[in-house]
Amino acid sequence: MASLYSQNLEPAMQLIFNDMIDDLSKANDAEASYLGANGPGKPINTKGKFYPVWNTFNSSGKYRAQGGNYGPAGGSKLLTMRAGATVYTLTAAYTKQFLDMLNNADAKVMVDSMETYRERDMRIILDNIAQDQWGDGTGIKAIVAPAGITSGVVTCTKTVASGSTFGVMKLMDEERLNFIDPATLAVRAGGGPTVGTIAANGVNNPSTTFTLAGSSGTDYPNDITAGDYVVREESYGQSLTGMLRAANNDSLDIQGLNRGTYRKLRASVYDAGGALPGFQNINILKYKLKARGTKKDIPRDLCCSLELEQLIENLGHPIRRYTEATKIQDTGFDGFKIDGAMAMSFMYVPADMMFSIDRSVIDWNVISPLGVVDVDGKILRMAPTTTGSFSDNYLVFYEFNADFGYSNFRNLGRMQNFDISGAERTCDNADL
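Residues numbered from 1 in each chain as written. Predicted model: local features only at pLDDT ≥ 70, side-chain atom pairs only at ≥ 80, totals over all residues. Heavy atoms only, no water.

Chemist: How would you sum up the pattern of salt bridges? Please name residues and give values.
Modeler: Any two side chains of opposite charge can pair, so long as their charged atoms come close to each other. Scanning the entire structure with this criterion turns up 13 salt bridges. The partner of D428 in a salt bridge is K158, and the shortest N-O contact between them spans 2.5 Å. Residue D428 is found in the segment after β22 (413-416), and its partner K158 is found in the loop between β6 (153-156) and β7 (176-180); the two are separated by 270 residues along the sequence. Taking relative accessible area as the criterion, D428 reaches 30% and is therefore assigned partly exposed. On the accessibility criterion, K158 (27% relative accessible area) is partly exposed. For the salt bridge of E307 with R425, the shortest nitrogen-to-oxygen distance reads 3.6 Å. Placement of E307 in helix α7 (residues 306-316) and of R425 in the segment after β22 is noted, with a sequence separation of 118 residues between them. By relative accessible area, which is 3% here, E307 ends up buried. (Salt bridge = Lys/Arg side-chain N within 4 Å of Asp/Glu carboxyl O. Helix = DSSP H or I, 4+ residues; strand = E, 2+ residues; numbered from the N terminus. Buried < 20%, exposed > 50% of the residue type's maximum accessible area, 1.4 Å probe, protein only.)

So, in structure tokens, the structure goes:
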């Protein structure tokens, strides 16, 4: 986050005294809080939180003849999963002159002013949580498109097939980024620099481009190429274990166990094969979960993208029923229902996807909750310089040390690869 240098003090003070401060953050509190990630969560120790999972049942049963033998003894096999925690940080800076101005002001102005800036910082954090709780744990915010980079202008993909449906909508002006080689997962470092910084006013959402500050090989890597993953600095693979990772049927490790070895750790995934969303294919996942889920007739949430909600609403208009007992589908500003299941749309769910979620099997495990770092009674700390002296910037650190833990993957599901043509794309909006 950019520092509030002295030249910014006057407009900053104007903002403070303005009763109608524009909220420039695109954060969605409801989305960030949906899985409990904006609350205190459940405590977790430094070794993680353990979840038992039954891998097999007792297989010794058999029929026998009168006077025959009982079967050989057997037993259910119990495994243990462990969910750790990720660490997210954000740093804000204030100049001494700015703080002096506040100290010389009315006490209420001082408190309200600092709370205003603190609230805006928290909104950015919640926006990042909202992004990552639907992600796969890699922290990828964008993917470089085939057009690549020209004169510092990076074009990002928004096509479903690329694995990223967001263009540049997850990026912020002045954000520090790494570019990850998808083949080796190494950080790009051509010419020496490993970090590129987005220029002020550098994010152009409708055209899915952003502009890097400085020059190639000096201020950002000179080997950025198509397909590269765009992530926050030093953050690749360190993100929250979001729903895209949890609701999966791959053969990779999850919470310390391998899904290829222990298949009961897999969630149910339905590929729509490029079909338009319809009640006939949306319901397929319901029956998959009825077959594999360990709890029957429990409330489940359907969580989809804004694009899918548009198409589902259009689908429901011709067959909407108004008697409460027979209502099949109902769409409104607060959500909608499909076959009795509550459905919600979220900004950061991939555009062609819908999740079926049993929130009772998801924990928000916390070592330290979201808040200001205050270990020794100090919140404001003077920023050091490269020469060993200190600068006129006082830093405030925000942090949470937490992650999602999943006690049962068989009660989670995902539908993907729907045809979203005809829907207004979220990343086509100019001012997110």
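Past the structure itself, the notes keep going.
Chemist: If you had to explain the packing of aromatic side chains to someone new, which residues and values would you point to?
Modeler: To describe a pair of aromatic rings, you give the distance between the ring centres and the angle between the ring planes. If you walk through the whole model with that rule in mind, you get eleven aromatic pairs. Ring geometry for W134 against F355: centres 5.6 Å apart, planes inclined by 35°, an arrangement best described as tilted. Note that W134 is positioned in the loop between α4 (107-132) and β5 (140-150) and F355 in strand β18 (residues 354-357), a separation of 221 residues in sequence. Overall, W134 belongs to the buried group, its relative accessible area being 1%. In this structure F355 comes out as buried when scored by relative accessible area, which is 0%. One aromatic cluster is present, built from ring pairs that chain together Y34, W134, F346 and F355. (Phe/Tyr/Trp six-rings, centres within 6.5 Å; stacked < 30°, edge-to-face > 60°.)

Chemist: I'd like to hear about unusual backbone geometry, residue by residue, with values.
Modeler: The backbone of T208 shows a phi angle near 55°, a positive value even though the residue is not glycine. Turning to its location among the elements, T208 is positioned in the loop between β8 (196-204) and β9 (209-212). Residue N417 is not a glycine yet carries a positive backbone phi of 65°. Inspection of the secondary structure puts N417 in the segment after β22. Note on N417: relative accessible area 30%, which makes it partly exposed.

Chemist: Could you give me a rundown of the confidence of the model for the protein chain, with the residues and numbers involved?
Modeler: Across the protein chain, the average pLDDT comes to 83, with 83% of residues at 70 or higher. Taken together, the stretch residues 1-25 has pLDDT below 50 and engages in 41 contacts with residues farther than four places along the chain or on a different chain. For residues 321-333, every residue scores under 50 in pLDDT, and the model assigns this stretch 22 contacts once sequence neighbours within four places are set aside. (pLDDT = per-residue confidence, 0-100. Contact = heavy atoms within 4.5 Å.)

Chemist: Account for the nonpolar core, naming residues and giving values.
Modeler: In this structure, W134, M243, F355, I357, I362 and L412 are the most contacted members of the largest nonpolar core, which totals 58 residues. In this structure, L285, L289, L311 and M415 belong to the second largest nonpolar core, which totals 20 residues. (Core = buried A, V, L, I, M, F, W, Y, C linked by side-chain atoms within 4.5 Å.)

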